[in-house]
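Remarks on the overall topology
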Amino acid sequence: MTNVLVVDDDFMVAKLHCRYVSAVPGFRVSGVAHTGAQALRAADDLRPDLVLLDVFLPDMDGIQVLRELRAAGHAVDALFITAARDAGTIRSALRAGALHYLIKPFSQTALHEQLRHVASLRTRLDDLDEARQEDVDHIFGTRPRASRELPKGLAAHTADLVDSVLRAHPQGLSATECAAAGSLSRVSARRYLEYFAQTGRAEITLRYGGTGRPERRYRRLG
C-alpha cells in the first residue's frame, strides 16, 4: 500500500485529489495539508511514500517544501499538481527531485496514469537486487505521457464519465448508447467519443444495416 500526503491550499481541491487517489487500488490518503508548514509536520508524523504537492502555498512554495523534505532525509516521492506553467518552476521541480508534474486542470485519468506509474516504479525497484542497464533505462526513461489537455468546451469530469462508460462496454457502443448509459445528450456523448478516437484512446468501427449511413461504434483502446 502506498501512503499519500495531499498538499493543496484549496480545501475543495484537496478533497477532490483525495477522492482521485482513493479510487486507485494500492493507494490510500494518509494525510492532508494546506500549508507548507503543515506538510512538513505531516511528513514527520506520517512518513508518507508519496506527496501530491501544489506549488502555490500561503507560507512557502511547494518547491521549497520538497527541498526541506529532502534535507530532512525523507525518502518520499513527489508529484507536483499545480497551475504553475512557467518553465523556471518546472525546471526547479525537476531539480528538486519531482517524479512528474501535472498542470491544472487535468482529468482524473491523467492522475491515475501517474499513480500507476509510481506503483510500477516501486514494484520494479523492490524486485531488484542488482540492476542491469536495461532495468535502469526502464526506470529513468519510461514515463507515461501525460494525458492531453482537453480542448475548449470539453470538461474533465464528463470525459471521465464517458471513459468509464467505454470501460464498462469493452465490446463497443454507439454515441446513442453511450448517451443513455451516461445520462448525457447524444451530441455531447459523440463529441467526447470523437475526441477519444482522435487522441488514440478509442477506435471507431462502422456497423452497416439497412438504408442510410452506417452506425459509428466506439471501443476503448488499452
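Since this is a predicted model, take the numbers as computed values, not measurements.

When helices and strands are counted, the protein shows nine helices and eight strands. Seen through its C-alpha atoms, the protein measures out along the principal axes to roughly 70 × 45 × 30 Å. Expressed as a percentage of the 222 residues in the protein, the buried residues total 43%. Counting only contacts in the protein whose residues sit at least 6 apart along the sequence, the fraction spanning at least 24 positions is 61%.

Between helix α8 (residues 175-182) and helix α9 (residues 186-198), whose axes approach to 8 Å, the crossing angle comes to 110 degrees. On the basis of the axis angle, α8 is roughly perpendicular to α9. Viewed along their axes, α8 and α9 form a crossing whose handedness is right-handed. Side by side, α8 and α9 meet where Ala-175, Thr-176, Cys-178 and Ala-179 of the first sit next to Arg-186, Ala-189, Arg-190 and Leu-193 of the second. Of the residues contributing to the contact of α8 with α9, the split by class is five nonpolar, one polar and two charged.

Next up on the list: the nonpolar core. One recurring pattern in soluble globular proteins is that nonpolar side chains are buried together. Grouped together as the largest cluster of nonpolar side chains are 23 residues, with contacts concentrated most on Val-7, Val-51, Leu-53, Val-65 and Phe-80. Going through the elements one at a time, β1 (2-7), α2 (36-46), β3 (50-53), α3 (62-71), β4 (77-82) and α4 (87-96) are the ones with two or more residues in this core. Leaving out residues up to four positions away in the same chain, Val-51 has contacts with Leu-5, Val-7, Val-76, Asp-77, Ala-78 and Leu-79. Membership of the second largest hydrophobic core comes to 20 residues, among which are Tyr-20, Val-24, Leu-52 and Val-118.

Here the focus is the packing of aromatic side chains. Summed over all chains, the structure comprises three aromatic pairs. Here Tyr-20 and Phe-106 contribute two aromatic rings whose centre-to-centre distance is 6.5 Å and whose plane-to-plane angle is 70 degrees, an arrangement assigned as edge-to-face. Pair noted here: Tyr-20 is in helix α1 (residues 11-22) and Phe-106 is in the loop between β5 (100-103) and α5 (108-126), with a separation of 86 residues, a long-range link. Residue classification places Tyr-20 among the buried positions, given a relative accessible area of 9%.

The subject of this paragraph is the pairing of β5. For a regular strand, side-chain orientation follows a simple rule: the groups alternate between the two sheet faces. Pairing analysis gives four bridges linking β4 to β5, with the strands arranged parallel. Of the residues in β5, the one forming a bridge with Leu-79 is His-100.

Okay, the sheet that holds strand β7 (residues 202-207) next. With respect to topology, three strands assemble into an open sheet ordered β6-β8-β7, the strand pairing being antiparallel. Only two strands of the sheet have a single neighbouring strand rather than two, namely β6 (173-174) and β7. Running at roughly 90 degrees to strand β8 (residues 215-220), helix α7 (residues 156-168) makes contact with β6, β7 and β8 of the sheet.

With that out of the way, let us pick up the sheet that holds strand β2 (residues 27-33). Across the sheet, five strands lie side by side as β2-β1-β3-β4-β5; this open sheet has parallel pairing. Each having just a single partner strand, β2 and β5 make up the two edges of the open sheet. Taken over all neighbouring pairs, the strand axes of this sheet differ in orientation by 20 degrees on average, direction set aside. Strand direction decides the pairing type here: β1 and β2, joined by six bridges, are parallel. In the sheet register, Val-6 faces β2, and the bridge partner there is Val-32. Relative to β2, α1 is tilted by about 165 degrees, and along the sheet it contacts β1, β2, β3 and β4.

Moving on, we get to the environment of His-169. Relative to the helices and strands, His-169 resides in the loop between α7 and β6. On a C-alpha basis, the gap between His-169 and Met-1 in space is 29 Å, while along the polypeptide they are 168 residues apart.

Further remarks concern α1. In this model, α1 (twelve residues) spans 17 Å end to end at C-alpha, consistent with the 16 Å of a helix rising 1.5 Å per residue. All of the buried residues along α1 are Ala-14, His-17, Cys-18, Tyr-20 and Val-21. Down the axis of α1, the buried set is contained in an arc of 160 degrees. They therefore lie on one face. Residues of α1 that are exposed and point over 90 degrees away from its buried face: Met-12, Lys-15 and Arg-19. The inward-facing, buried residues of α1 abut β1, β2, β3, β4, α5 and α7. The backbone nitrogen of Met-12 lies 2.9 Å from a side-chain oxygen of the residue at the head of α1, namely Asp-10.

Parameters at a glance
Residue positions are given per chain, counting from 1 as you read along its sequence in written order. At least 70 in pLDDT is required for a residue's local features to be given in this predicted model, at least 80 for side-chain atom pairs to be given and counted, and no such filter applies to totals for whole chains, interfaces and linings, which use all residues. By convention in this description, side-chain values take in all heavy atoms of the structure and omit both hydrogens and water. We count a stretch as a helix when DSSP gives it H or I for four or more residues in a row; a strand needs E for two or more, and each element gets its number in order from the N terminus. When a residue's accessible area, from a 1.4 Å probe over protein chains only, is under 20% of the maximum for its type it is buried; when over 50% it is exposed; and in between it is partly exposed. What makes two residues a contact is simply this: any of their non-hydrogen atoms within 4.5 Å. Fitted lines through C-alpha atoms serve as axes, helices being fitted only where they are in contact, and the angles separating the N-to-C directions of these axes extend from 0 to 180 degrees. Note on angle classes: values under 35 degrees are labelled roughly parallel, values over 145 roughly antiparallel, values of 65 to 115 roughly perpendicular, and the remainder oblique. Crossing handedness is defined as follows: a turn of the near helix away from the far one that is anticlockwise and smaller than a right angle gives a left-handed crossing, while the clockwise case is right-handed. Note that Gly is not counted as nonpolar here; it falls among the polar residues with everything else outside the nonpolar set of Ala, Val, Leu, Ile, Met, Phe, Trp, Tyr, Cys and Pro and the charged set of Asp, Glu, Lys and Arg. Note on terminology: a nonpolar core comprises buried Ala, Val, Leu, Ile, Met, Phe, Trp, Tyr and Cys residues joined through side-chain atoms within 4.5 Å. Each Phe, Tyr or Trp ring (for Trp, its six-membered ring) is paired with any other whose centre lies within 6.5 Å, and the angle between the two planes then decides the class: stacked below 30 degrees, edge-to-face above 60, tilted in between. Should DSSP find at least two bridges between two strands, the strands are taken to pair. Helix span, as expected, comes to 1.5 Å for every residue beyond the first. The arc in question is the one spanned by the directions pointing from the helix axis to the C-beta atoms. Two N or O atoms count as a polar contact when they lie within 3.5 Å, although within protein this holds only if one can serve as hydrogen donor and the other as acceptor, and sequence-adjacent residues are included solely when both atoms are side-chain atoms.

Keep in mind these numbers describe shape, not what the thing actually does.
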